[in-house]
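Notes for the structure review
If you want the building blocks of each chain, they are given just below.
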Amino acid sequence: MSDFAQSADEPTNRAQLRAERASSFGAHAAAYAEHRPDYPTESIRWALGPVDTKTPVVLDLGAGTGKLTEGLLAVGAEVIAVEPDAAMRAELARRFPEVIASAGAAEAIPLADGSVDAVVAGQAFHWFDKERAFPEIARVLRENGVFAALWNEDDLGVEWVAELHKVTRSAASLPPQELLPARLPEHPLFENFERADFPHRQRRTAESLTATIGTHSHTLVIPAQARNELLERISDYLRGRPETAAGEFDLPIRTDVIRAVRRPDTQHRSRIEPGRVV
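Among the residues making up helix α7 (residues 159-167), those that are buried are Trp160, Val161 and Leu164. The buried residues of α7 all sit within an arc of 100° when viewed along its axis, so they share a single face. Looking at the packing, one finds that the buried side of α7 touches β5 (141-154), α8 (206-213), α10 (224-240) and β7 (249-261).

With 27 residues, the main nonpolar core has Leu59 and Phe147 as its most contacted residues. Listing elements by their share of this core, those giving two or more residues are β1 (57-61), β2 (78-82), β4 (116-122), α6 (130-140), β5 and β7. Among the elements that line this core, the one with the most residues is α6, at 5 residues. Of all hydrophobic cores here, the second largest spans 25 residues; its members include Ala47, Val75, Ala118 and Phe198.

A word on the sheet that holds β5. Sheets are built from strands that pair by backbone hydrogen bonding, the pairs being arranged parallel or antiparallel. Spatially, 7 strands are ordered β3-β2-β1-β4-β5-β7-β6 in an open sheet, and the strand pairing comes out mixed. Here the strands that pair on one side only, and so sit at the sheet edges, are β3 (100-102) and β6 (194-204). Direction aside, the axes of adjacent strands within the sheet are offset by 25° on average. Together, β6 and β7 form the strand contacts of α8, whose direction differs from that of β6 by roughly 135°.

Before going further, it helps to examine the pattern of salt bridges. Side-chain pairing between opposite charges can occur once the charged atoms of the two side chains come close. Scanning the entire structure with this criterion turns up 17 salt bridges. The partner of Asp250 in a salt bridge is Arg201, with the nearest N and O atoms 3.1 Å apart. Of this pair, Asp250 sits in strand β7 while Arg201 sits in strand β6, placing them 49 residues apart in sequence. One salt bridge connects Arg203 with Asp250, and the closest N-O pair in it is separated by 3.2 Å. Placement of Arg203 in strand β6 and of Asp250 in strand β7 is noted, with a sequence separation of 47 residues between them.

So, on to the packing of aromatic side chains. In the structure shown here, the tally under the stated rule is 12 aromatic pairs. When the centroid spacing of 5.7 Å and the interplanar angle of 85° are considered together, the rings of Phe125 and Phe128 count as edge-to-face. Both rings, one in Phe134 and one in Phe190, keep their centres 5.5 Å apart while their planes meet at 55°; by these two values the pair is tilted. On the criterion of sequence distance, the pair formed by Phe134 in helix α6 and Phe190 in the loop between α7 and β6 is long-range, its members being 56 residues apart. Neither residue differs from the other here; Phe134 and Phe190 are each classed as buried. Members of the aromatic cluster, connected to one another through ring pairs, are Phe125, Phe128, Phe134, Phe147, Trp151, Phe190 and Phe193. For the cation-ring pair, Arg259 lies above Trp46, with the distance from its terminal atom to the ring centre recorded as 3.9 Å.

With that settled, the discussion passes to the side chain of Asp60. Looking at the element boundaries, Asp60 is found in strand β1. Among buried charged residues, Asp60 stands out as having no salt bridge; its nearest opposite-charge side chain is Arg95, 8.8 Å away. Looking at Asp60, its side chain comes within polar contact range of the side chain of Thr69, at 2.6 Å. Excluding its chain neighbours within four sequence positions, the residues that come into contact with Asp60 are Leu68, Thr69, Leu72, Val79, Ile80, Ala81, Val82 and Val120.

This part takes up the environment of Phe198. Topologically, Phe198 is positioned in strand β6. Sequence-wise, Phe198 and Ile253 are 55 residues apart; in three dimensions their C-alpha atoms are separated by 8.4 Å.

All right, on to the confidence of the model for the protein then. Overall, the prediction assigns the protein a mean pLDDT of 88, with 82% of residues at 70 or greater. Within the model, pLDDT remains below 50 along residues 1-8, and this stretch shows 21 contacts once partners closer than five positions in the same chain are excluded. Taken together, the stretch residues 272-278 has pLDDT below 50 and engages in 14 contacts with residues farther than four places along the chain or on a different chain.

This part is about unusual backbone geometry. Even without being a glycine, Gln123 presents a positive backbone phi close to 55°. Locating Gln123 in the fold gives a position in the loop between β4 and α6. By relative accessible area, which is 17% here, Gln123 ends up buried. Of note, the phi angle at Asn144 is positive, near 65°, even though the residue is not glycine.

Here is what the cut-offs are and how they apply
Residues numbered from 1 in each chain as written. Predicted model: local features only at pLDDT ≥ 70, side-chain atom pairs only at ≥ 80, totals over all residues. Heavy atoms only, no water. Buried < 20%, exposed > 50% of the residue type's maximum accessible area, 1.4 Å probe, protein only. Helix = DSSP H or I, 4+ residues; strand = E, 2+ residues; numbered from the N terminus. Arc of directions from axis to C-beta. Contact = heavy atoms within 4.5 Å. Core = buried A, V, L, I, M, F, W, Y, C linked by side-chain atoms within 4.5 Å. Pairing = 2+ DSSP bridges. Axes fitted to C-alpha atoms, helices over the stretch in contact; angles between N-to-C directions. Salt bridge = Lys/Arg side-chain N within 4 Å of Asp/Glu carboxyl O. Phe/Tyr/Trp six-rings, centres within 6.5 Å; stacked < 30°, edge-to-face > 60°. Lys NZ or Arg CZ within 6 Å of the ring centre and 35° of its normal. Lys, Arg positive; Asp, Glu negative; His and termini not counted. Polar contact = N/O pair within 3.5 Å; in protein donor to acceptor, adjacent residues only side chain to side chain. pLDDT = per-residue confidence, 0-100.

Structure below.
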């Protein structure tokens, strides 16, 4: 793990940090599955709203351990999962053996042209190489298919949550706009993006919320001593706040969703090797 606080080459350092954070989750897959929040049903239904079938085929892209997969299954979708990290993919397969889970990435999706009604990404779109990912996403979507990205974000409108957000920052923290886009993306293969957000909550204790934050990439890539000190500060803060000191409490969350429909004149060109079509 690297110490990103010191660097003379800021652009290179920032790219290195993003790459290391994006690939940091596999060694903590079980903790990720246990402690990360799910997604509210209303947010998933809105994400899939433009799809005109009751049982859509949905690609969960960058599916991780299946936090979004679970919600997709609950609303009646047929889910295909693609995840680049082997450990995360194995955890997903353990939790949802009925779901096809394949190795792959947003920039090289192992599906045939026009094979899904929707592509969704939970807590993952910010890691994609957008220039390469958007054509791939459009390629695997059927005509009028939808792409949607979802993020669970702590509700910073709540005072104790905003203060916690300050406590949790580490040497590997990135500006919020690098993770959750302030402006809607644009791409010629897609109609205009829309955005909606949904209230959500996760039942936590001081211990389990500390463990949740311990699965965030900015805590996973810092040196072990710095990580231990950070998690101790977080635990001390939570134990010192009346809202979180005793027993269980609700962590207020906002689930932010963006979606766009593939333009009907998008041309498909297969990149799938023989034998890899899902």
